[in-house]
Amino acid sequence: MKKVKLGPQTLLYPMPAVLVGALVNGKPNFMTAAWCGIAASTPPAISVAVRQARFTLEGISANSTFSINIPSADLVEKVDYCGIYSGHKIDKSQIFRVDYGKLNTAPLIQECPVNLECQVIHSLDLGSHILFIGEIIETYVNEDCLTDDKADPVKIDPLIYTTVAGQYQRLGRGCWTGLEDWQEKVEAGLNGEGVSHLVPRLARLRRVQRSRVQRFKGQGKSICSIGFISSIGFIGLIGSIGSRLVELINKLNKFNELNQ
Ligand SMILES: Cc1cc2nc3c(=O)[nH]c(=O)nc-3n(C[C@H](O)[C@H](O)[C@H](O)COP(=O)(O)O)c2cc1C
């Protein structure tokens, strides 16, 4: 397929649509952000790109804290509103019910099923935007959005944003479940579709090999112990034969002495 050059573009799909919270002049303010993503796992960190002119930027810079609130699809109108209207012009502090967690200056939206409370650990002036890296100090998830104590994306029902269309979307149908599907494919014997099919096979082979090695080690141990026990027995046997021989020799010597 022929590729068409579009020039350097900030083209990435999909992007999330989150609400960034900050305390500006003592009041909570929220802006919508799509340029947001996980940055590190240790410490757990998230990045968000905030344009220099945003009201929210004032709060983040003043307190070095912010929140990332993940809205459900049913909050889409409020999300869009916070992405159109600036706190410079209107008061957005009453749109949501707000809680505070450990940091006191990162407003957490009650209506959002997930809230990440963040402490700024880096900020990078990239020109149009400041890239804030926040260490995630605490994560809050609605109880009814958990499955087996883990945050369940289907229950959270987060928003996805696509720049060109300017459209909000929901999570779509799943199309692949990592190893499980590979396993199924391998078990069905569907080979010869490139090298990718080797990945789970290798993983499985490695698992089989590992268990064989463990079994072998186990066998090795028992072989060693059998060997150890038998060698002790052998030494004992040699010892008893030896002492019998000595006894016999002594008896022969005595017999010889008597007959001399
Ligand atoms: C879907 C969507 C995504 C957006 N993503 C960002 C973003 O990542 N960074 C940014 O600075 N502005 C982004 N904006 C624009 C701000 O949300 C918008 O300018 C907002 O009014 C700023 O609010 P504030 O001035 O109260 O901080 C986005 C807007 C929308 C609708």
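All figures in this text were calculated on a predicted structure; none of them were measured in a lab.

Describing the overall build of the protein
- Assigned secondary structure in the protein consists of 5 helices and 14 strands.
- A total of 260 residues make up the protein; the buried ones form 21% of that total.

Re the sheet that holds strand β3 (residues 27–33)
- The sheet built from 7 strands is open, its strands ordered β3-β2-β6-β9-β10-β5-β4 with antiparallel pairing. Two strands in the sheet have a free side with no partner beyond their single neighbour: β3 and β4 (36–41). Direction aside, neighbouring strands of the sheet carry axes that sit 35° apart on average.
- The pairing of strand β9 (residues 114–125) with strand β10 (residues 129–141) spans 11 bridges and is classified as antiparallel. Across the sheet, residue Val-120 finds its bridge partner in β10, namely Gly-134.

As for the site of the ligand
- Of all residues adjacent to the ligand, which total 21 residues, the nearest are Trp-35, Thr-56, Gly-83, Ser-86 and Gly-87.
- Sorting the residues of the shell around the ligand by element identifies β3, β5 (44–51), α1 (55–63) and α2 (76–84) as the ones contributing at least two each.
- Among the elements that take part in the shell around the ligand, β3 stands out by supplying 4 residues, more than any other.
- A breakdown of the residues in the shell around the ligand according to their chemical character gives 11 nonpolar, 7 polar and 3 charged.

Thoughts on the sheet that holds strand β14 (residues 167–169)
- Strand order across the open sheet formed by 3 strands is β1-β13-β14, with antiparallel pairing between neighbours. The open sheet is flanked by β1 (15–16) and β14, the only strands paired with a single partner.

Here we look at unusual backbone geometry
- The omega torsion of the bond from Tyr-13 to Pro-14 falls at -15°, within 30 degrees of zero and hence cis.
- Geometrically, the link from Thr-42 to Pro-43 is a cis peptide bond, its omega value of -5° lying close to zero.
- One non-glycine residue, Asp-148, lies in positive phi territory at about 50°.
- For Asp-148, a count of 5 C-beta atoms within 10 Å gives the class exposed.
- Of note, the phi angle at Asp-149 is positive, near 65°, even though the residue is not glycine.
- As for its placement among the helices and strands, Asp-149 is situated in the loop between β11 (146–147) and β12 (150–151).

Structural notes on the pairing of β3
- Across the 7 residues that make up β3, a large majority, 6, are buried.
- Between strand β2 (residues 18–24) and β3, which pair antiparallel one after the other, the connecting turn spans 2 residues, and Asn-25 there sits at a positive phi close to 50°.

Comments concerning α1
- Three or more residues of α1 are buried, namely Thr-56, Leu-57, Gly-59 and Ile-60. Along the long axis of α1, the arc covered by the buried residues comes to 160°, so they all point the same way.
- Each element contacted by the buried residues of α1 is listed here: β2, β3, β5, β6 (65–70), β9 and β10.
- Just downstream of α1 lies Ser-64, where phi reads positive at about 55°.

Considering the confidence of the model for the protein
- Overall, the predicted model of the protein reaches an average pLDDT of 85, with 72% of residues at or above 70.
- Mean pLDDT per element in the protein: helix α5 (residues 198–259) is the minimum at 59, and β6 is the maximum at 99.
- With pLDDT under 50 throughout, residues 220–227 is counted as low confidence; its partners more than four residues away or in other chains account for 0 contacts.

Basis of the calculations
- Residues numbered from 1 in each chain as written.
- Predicted model: local features only at pLDDT ≥ 70, side-chain atom pairs only at ≥ 80, totals over all residues.
- Helix = DSSP H or I, 4+ residues; strand = E, 2+ residues; numbered from the N terminus.
- Buried ≥ 20, exposed ≤ 12 C-beta atoms within 10 Å, placed from the backbone.
- Pairing = 2+ DSSP bridges.
- Axes fitted to C-alpha atoms, helices over the stretch in contact; angles between N-to-C directions.
- Near = placed C-beta within 6 Å.
- Nonpolar A, V, L, I, M, F, W, Y, C, P; charged D, E, K, R; others polar.
- Arc of directions from axis to C-beta.
- Contact = placed C-beta atoms within 7 Å.
- pLDDT = per-residue confidence, 0-100.

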